[in-house]
Amino acid sequence: MPRNFIRRYTPDAEKVRNHRHLQFLGSHLHAHDLWHLNRESVAKGFAVGFFWALIPMPMQMIFASITAILWRANLPISFALVWITNPLTIVPVFYLLYLLGSWMIGAEAMDLPHDVSIDWFRAVLSEIWLPLAIGGLTGAIIAGFIGYYGIHLLWRLHVVKRWKQSRLRLKNRHSASKRPSVKR
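Counting from 1, residues in each chain are numbered in the order their sequence is written. pLDDT decides what is reported in this predicted model: residues at 70 or higher carry local features, side-chain atom pairs at 80 or more are listed and counted, and totals for whole chains, interfaces and linings draw on all residues regardless. Hydrogen atoms and water are omitted, and side-chain values are computed over all heavy atoms in the structure.

- Looking at an unreviewed UniProt entry, one finds the chain named DUF2062 domain-containing protein, with Solemya elarraichensis gill symbiont as its source organism.

Okay, here's the thing in structure tokens:
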């Protein structure tokens, strides 16, 4: 996987461990898998991040971080992927999850108004919470599985590709050394 790209955009582990607001976590932040970029910790990080991104609740980053610590998933990846649902994407993503939940329980889905606001959301929350919760949990589980197994697959494909390239370079180097030199 593109480790240099990921390392470039993740915070320094020591800075995070020594941050004064995170001292309550104690030695839990010192687990190697939380910061290491290997196939398993990255796959777990994607699963955790995708799962919590689709759970319709506040403070998703806190729950993603706690889950990453408990599962020994890559913490920066888990934390960052929660931002899939950000102020620009939250309405369409959660509306699709609401539609999924409505379909799953056989309820009539309400149309999304053109001017979605916090006041509108508060007014209809009692009507939409169950389909939103069911659709969110279903989507989160599916996204978590796709994230976990998708990263395993992509990582494996990347390793096989690099191995084939390495073998080809070695073969070319070997065949070039066997060519007879032409004397002039």
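**Here's the deal with unusual backbone geometry**
Consideration 1: In this structure, Met 59 takes a positive phi of about 60° despite not being glycine.
Consideration 2: Per the convention used, a helix needs a DSSP run of H or I reaching at least four residues, while a strand needs a run of E reaching at least two, with both numbered from the N terminus. Locating Met 59 in the fold gives a position in the loop between helix H3 (39–53) and helix H4 (60–71).

**Section: the UniProt feature "transmembrane region" (unreviewed entry) in the chain**
Consideration 1: UniProt positions are given in the numbering used here, feature names are shortened, and annotations may be inferred rather than shown by experiment. Listed under "transmembrane region" (unreviewed entry) in the UniProt record, and renumbered for this structure, are residues 46–71, 83–105 and 128–155.
Consideration 2: The distance separating the terminal C-alpha atoms of residues 46–71 is 12 Å; by composition the span is 77% helix and 0% strand.
Consideration 3: Along residues 128–155 the backbone is 100% helical and 0% strand, and the end-to-end C-alpha distance reaches 39 Å.

**Digging into the packing of H3 against H4**
Consideration 1: Where H3 meets H4, the closest approach of the two axes is 9 Å, and the angle between their N-to-C directions is 150°. One element, H3, and the other, H4, form an angle in the roughly antiparallel class. Classified by chirality, the crossing of H4 by H3 is right-handed. Contacts between H3 and H4 pair Lys 44, Val 48, Trp 52 and Ala 53 from the former with Gln 60, Phe 63, Ala 64, Thr 67, Ala 68 and Trp 71 from the latter.
Consideration 2: Residue polarity is assigned by list, with Asp, Glu, Lys and Arg as charged and Ala, Val, Leu, Ile, Met, Phe, Trp, Tyr, Cys and Pro as nonpolar; anything else, Gly included, falls into the polar class. Taken together, the residues of the contact of H3 with H4 break down into 7 nonpolar, 2 polar and 1 charged. Lines fitted to C-alpha atoms define the axes here, with helix axes fitted over just the stretch in contact, and angles between the N-to-C directions of these axes take values from 0 to 180 degrees. For classification purposes, angles smaller than 35 degrees are called roughly parallel, those larger than 145 roughly antiparallel, those between 65 and 115 roughly perpendicular, and all remaining angles oblique. Put simply, a crossing is left-handed when the front helix is turned counterclockwise from the back one by less than a right angle, and right-handed when it is turned clockwise. By definition in these notes, contact holds between two residues if any of their heavy atoms fall within 4.5 Å.

**Let's talk about the pattern of salt bridges**
Close approach of charged atoms allows side chains of opposite charge to pair.
Consideration 1: Throughout this description, the term salt bridge denotes a Lys or Arg side-chain nitrogen within 4 Å of a carboxyl oxygen of Asp or Glu. Counting across every chain of the model gives 1 salt bridge.
Consideration 2: Residues Arg 122 and Asp 119 are paired through a salt bridge, measuring 3.9 Å at the closest nitrogen-oxygen approach. On the criterion of helical spacing, the pair formed by Arg 122 and Asp 119 is a turn pair, its members being 3 residues apart in helix H7 (residues 118–178). Each of the two residues, Arg 122 as well as Asp 119, counts as exposed. The cut-offs for exposure are 20% and 50% of the maximum accessible area for each residue type, with area from a 1.4 Å probe on protein chains only; residues under the lower value are buried, those over the upper are exposed, and the others partly exposed.

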